[in-house]
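Close look at the chain arrangement
Listed here are the chains, written in short residue letters.
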Amino acid sequence: MSVGFRLNAAVLLVLVSLVFPPFCVGIRSIPTIGDGLGSGFDRFSEAPDYRNGRGCPVSADKRVLGLKSSCDPSLVHVAMTLDSEYLRGSIAAVHSVLKHASCPENVFFHFISAEFDPASPRVLTQLVRSTFPSLNFKVYIFREDTVINLISSSIREALENPLNYARNYLGDILDICVDRVIYLDSDLVLADDIHKLWNITLTGSKIIGAPEYCHANFTTYFTDTFWSDPVLSRVFGSRKPCYFNTGVMVMDLLKWREGNYRKRIENWMEIQRRKRIYDLGSLPPFLLVFGGNVESIDHRWNQHGLGGDNVKGSCRSLHPGPVSLLHWSGKGKPWVRLDARKPCQVDYLWEPYDLYKHSNRVKTQHQSSMAYSPSTLVGYSTYL
Ligand SMILES: *[C@@H]1O[C@H](CO)[C@@H](O)[C@H](O)[C@H]1NC(C)=O
Ligand SMILES: *[C@@H]1O[C@H](CO)[C@@H](O)[C@H](O)[C@H]1NC(C)=O
């Protein structure tokens, strides 16, 4: 009980939403490092202005600047993290969603940003605004100490980003009127209308919709400590667990909040901290709570693993069948491989959504197809 209360209080304190515009919550002064990024605003081109097609639900609630409140029932809600490391990926993901949406003006983005991001949430907010001037969005600050004590030390040593756990707190972070959200990782692009994904039905008491993979060997996601403990491993006793990737999830936040699923996931993280029941970070607790109870949606909505293994330089090809969402989970990221001039074939599918402006110098080198050294990428390290 006391742990629950403490965390609730922490979550409430922490999740001060920063609405833009105006960006007015004076939590702390603007860090100077943010000013360093200021000149980086022109690093991204302004995205084309995507407008609703005919037949889109008309918003009942337009505010002064034409921006919508997140309680508008005509909205599709998308949650993503926003941080300086994956910024280029996040911008491309947003661009892809807007480009293929039948009603782009009805999509509302909820960005979760880390309090101590080197670029500061404020600077990231301004950058999103300048790239997508008419986007409906909010930036929320996620305080790392919400989860840092729950992340087991072995994983923390590997410098896992606490933002990976932000998806567990969406029920607390987002306005209470938001009762469904699509969570998206930052290393993916959509190639289809997000309204189709939004419209899927979560049958029965299902809380999450995601593509499932029932042929994956589930044993490997947990340690021997887990499987040899009769009490722990009984969690899968009455269900056939299937793997699902937590980078693309349709979440019923109403049922999530009612069932206190945030706490259920944290309970497994507590056990992990004491016993080490799995090796990966944020995925296994989701498998423990939801594996086997997921609404199975078409695999086209998460072609994951396209990152392959950067170390080995291995490239993955697409699985056969239609594709609505491409996901570079795995070590390799398309922007890194493209810039290094060692792209995989699938990376060319990401490129059209990239809004990052290379300096003229780099472009010239592209045109002359010379290999360039990292030193030619002026200011690049600020972003990656
Ligand atoms: C989603 O559902 C709404 C309401 O039922 C419907 O009007 C709309 O056409 C659907 N959109 C898509 C892309 O399926
Ligand atoms: C699954 O993996 C475990 C351990 O890696 C192995 O012992 C087991 O035989 C595998 N099961 C199947 C069905 O491949």
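So, how was this worked out
Chains are numbered independently. Their residues run from 1 in the order of the written sequence. Each chain is given a letter, starting from A, and each ligand a number, starting from 1, according to the order in which they appear as written. Local features in this predicted model are restricted to residues whose pLDDT is 70 or higher, and side-chain atom pairs enter the listing and the counts only when it is 80 or higher, whereas totals over whole chains, interfaces and linings include all residues. Each residue receives a C-beta atom placed from its backbone. It is near a molecule or strand if this atom lies within 6 Å of it. Any residue that is not Ala, Val, Leu, Ile, Met, Phe, Trp, Tyr, Cys, Pro, Asp, Glu, Lys or Arg is counted as polar, Gly included; the first ten are nonpolar and the last four charged. Fitted lines through C-alpha atoms serve as axes, helices being fitted only where they are in contact, and the angles separating the N-to-C directions of these axes extend from 0 to 180 degrees. Secondary structure counts use DSSP, requiring at least four H or I residues in a row for a helix and at least two E residues in a row for a strand, with both numbered from the N terminus. Working definition: roughly parallel below 35 degrees, roughly antiparallel above 145 degrees, roughly perpendicular at 65 to 115 degrees, and oblique for all remaining angles. For any helix crossing, the convention is left-handed if the near helix is rotated counterclockwise from the far helix by under a right angle, and right-handed if that rotation is clockwise. Once C-beta atoms are placed from the backbone, any two residues with those atoms within 7 Å are in contact. Joining buried Ala, Val, Leu, Ile, Met, Phe, Trp, Tyr and Cys residues through C-beta atoms within 7 Å gives a set, and that set is a nonpolar core. Residues with at least 20 other C-beta atoms within 10 Å of their own are called buried, those with 12 or fewer are called exposed, and the rest are partly exposed. The C-beta atoms themselves are positioned from the backbone. Where each domain begins and ends follows an automated or database-derived domain assignment. Here, strands pair whenever DSSP counts at least two bridges between them. Looking down the strands as they point away from the viewer, one classifies a crossover as right-handed if the path from the first strand across the helix to the second runs clockwise. To estimate the expected span of a helix, count its residues, drop one, and scale the result by 1.5 Å.

1. With respect to the site of ligand 1
Surrounding ligand 1, one finds Ser102, Asp193, His195, Lys196 and Asn199. Of the residues assigned to the shell around ligand 1, the class counts are no nonpolar, three polar and two charged.

2. What about the packing of helix H11 (residues 261-275) against helix H12 (residues 283-290)?
Between H11 and H12, whose axes approach to 9 Å, the crossing angle comes to 120 degrees. Taken together, the axes of H11 and H12 are oblique relative to one another. Two packed elements cross with a definite hand, and for H11 against H12 that hand is right-handed. Along its contact with H11, which presents Tyr261, Arg264, Ile265, Trp268 and Met269, the element H12 presents Pro285, Phe286, Leu288 and Val289.

3. Some words on the nonpolar core
In terms of nonpolar packing, the biggest core is built from 83 residues, with Val78, Val97, Val107, Phe111, Ile112, Leu170 and Met251 touching the most fellow members. Looking at this core, the element that brings in the most residues is helix H3 (residues 87-100), giving seven residues. Both domain 1 (2-24 + 34-54 + 63-301) and domain 2 (325-382) contribute no fewer than three residues apiece to this core. Discounting chain neighbours no more than four positions away, the residues touching leucine 170 are Ala79, Val181, Tyr183, Met251 and Leu253.

4. Thoughts on unusual backbone geometry
Although it is not a glycine, serine 120 adopts a positive phi angle of roughly 65 degrees. Here serine 120 lies in the loop between strand E3 (107-114) and helix H4 (121-131). We note that arginine 341 has phi near 55 degrees; this positive angle belongs to a residue other than glycine. Structurally, arginine 341 can be placed in the loop between helix H13 (334-339) and helix H14 (347-350). Taking the C-beta count within 10 Å as the criterion, arginine 341 has 12 such neighbours and is therefore assigned exposed.

5. Observations concerning the pairing of strand E4 (residues 136-142)
Counted residue by residue, E4 has seven buried out of seven residues, so it is predominantly covered. In E4, alternate side chains face the same way, and those of Asn136, Lys138, Tyr140 and Phe142 on one face and Phe137, Val139 and Ile141 on the other are all buried. Sheet topology note: the E3/E4 ladder contains seven bridges and is parallel. Bridged to histidine 110 within E4 is lysine 138. As for the winding sense of the linkage, the β-α-β connection from E3 through H4 to E4 is right-handed.

6. Looking at the pairing of strand E5 (residues 180-184)
Of all five residues making up E5, four are buried, and the element is well covered by its neighbours. Where strand E2 (residues 76-82) meets E5, two bridges bridge the pair, whose relative direction is parallel. Looking across to E5, one finds that alanine 79 is bridged to tyrosine 183.

7. Quick word on H3
Each full turn of the α-helix corresponds to 3.6 residues, which orients residues three or four apart in the same direction. Between the first and last C-alpha of H3 there are 20 Å, a value that for 14 residues agrees with the 20 Å anticipated at 1.5 Å per step. When you tally the buried positions in H3, you get 13 out of 14 residues, the bulk of the element.

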